[in-house]
Amino acid sequence: MEPLGDDIRHELGRFGPQGGIGEVVKAWPAAVGDEIARSAWPARFTRDGTLIVHTRDSVWAFELTQRAGEIQERLPNAKALKFVPGPLPEPSVEATQATPQGSPPPTREQSRQAAEWAAGIEDEDLRKIVTKAVEMSLANAPSDRSF
């Protein structure tokens, strides 16, 4: 099998500047540091390639505007930066409670609740699939709000 990364980047390129948001989001924490990443996050590109960054409030927007040139040098695909107050992603729960696969295992209570919710499904195979999906959803509920 061949890696799909280049093909995916090519297809995303058809969406114009917005297709590069994934690379910017990935680079953001390293480009600005943890403190700024908790208070500002890339939101979208405009048609002219300007990256709109949502900030916690107008004070953060003003301060980061003063550092826009410095930050822009560290980011791929950003022709210019504009900082505006806006919604930020919720911080994720610490990864220490996750399994090597990235998701915490369901607790006994979560497994019991999942089985209870799926109990009304007559088809055994479907009931098992739904139970597993509900277990995973319940186990990920506190930590699925990653950046």
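Here, every reference points to the structure presented above.
Residues numbered from 1 in each chain as written. Predicted model: local features only at pLDDT ≥ 70, side-chain atom pairs only at ≥ 80, totals over all residues. Heavy atoms only, no water.

Undergrad: Please set out the packing of helix H6 (residues 108–118) against helix H7 (residues 124–140) residue by residue, giving values where relevant.
TA: Running from N to C, H6 and H7 cross one another at 140°; their axes reach a closest spacing of 8 Å. Between H6 and H7, the crossing angle belongs to the class labelled oblique. Read as a crossing pair, H6 and H7 show a hand that is right-handed. On the side of H6, the interface is formed by Gln110, Ser111, Gln113, Ala114, Ala115, Trp117 and Ala118, while H7 contributes Arg127, Val130, Thr131, Val134, Glu135, Leu138 and Ala139. Residues of the contact of H6 with H7, tallied by class, amount to 8 nonpolar, 4 polar and 2 charged. (Axes fitted to C-alpha atoms, helices over the stretch in contact; angles between N-to-C directions. Helix = DSSP H or I, 4+ residues; strand = E, 2+ residues; numbered from the N terminus. Parallel < 35°, antiparallel > 145°, perpendicular 65-115°, else oblique. Left-handed = near helix turned anticlockwise from the far one by under 90°. Contact = heavy atoms within 4.5 Å. Nonpolar A, V, L, I, M, F, W, Y, C, P; charged D, E, K, R; others polar.)

Undergrad: How would you explain the nonpolar core if you had to name every residue and give the values?
TA: Grouped together as the largest cluster of nonpolar side chains are 21 residues, with contacts concentrated most on Trp28, Leu51, Ile71, Leu75, Leu81 and Phe83. Where this core is concerned, the elements lending two or more residues are helix H2 (21–32), helix H3 (34–39), strand E1 (40–45), strand E2 (50–55), helix H4 (58–66), helix H5 (68–73) and strand E3 (80–85). Sort the elements by how many residues they give to this core and H2 lands first, with 6 residues. Discounting residues that sit within four places of it in the chain, phenylalanine 83 has contacts with Trp28, Val53, Thr55, Ala61, Leu64, Thr65, Ala68 and Ile71. (Core = buried A, V, L, I, M, F, W, Y, C linked by side-chain atoms within 4.5 Å. Buried < 20%, exposed > 50% of the residue type's maximum accessible area, 1.4 Å probe, protein only.)

Undergrad: Tell me about the pattern of salt bridges, residues and numbers included.
TA: Applying the stated rule across the entire model yields 5 salt bridges. Note that glutamate 116 and arginine 112 form a salt bridge whose closest N and O atoms lie 2.6 Å from each other. Taken together, the residues span about one helical turn, with glutamate 116 and arginine 112 both in helix H6 at a distance of 4 residues. The residue lysine 128 makes a salt bridge to glutamate 124 at a minimum N-O spacing of 3.3 Å. Taken together, the residues lysine 128 and glutamate 124, both in helix H7 and 4 residues apart, mark about one turn of the helix. (Salt bridge = Lys/Arg side-chain N within 4 Å of Asp/Glu carboxyl O.)

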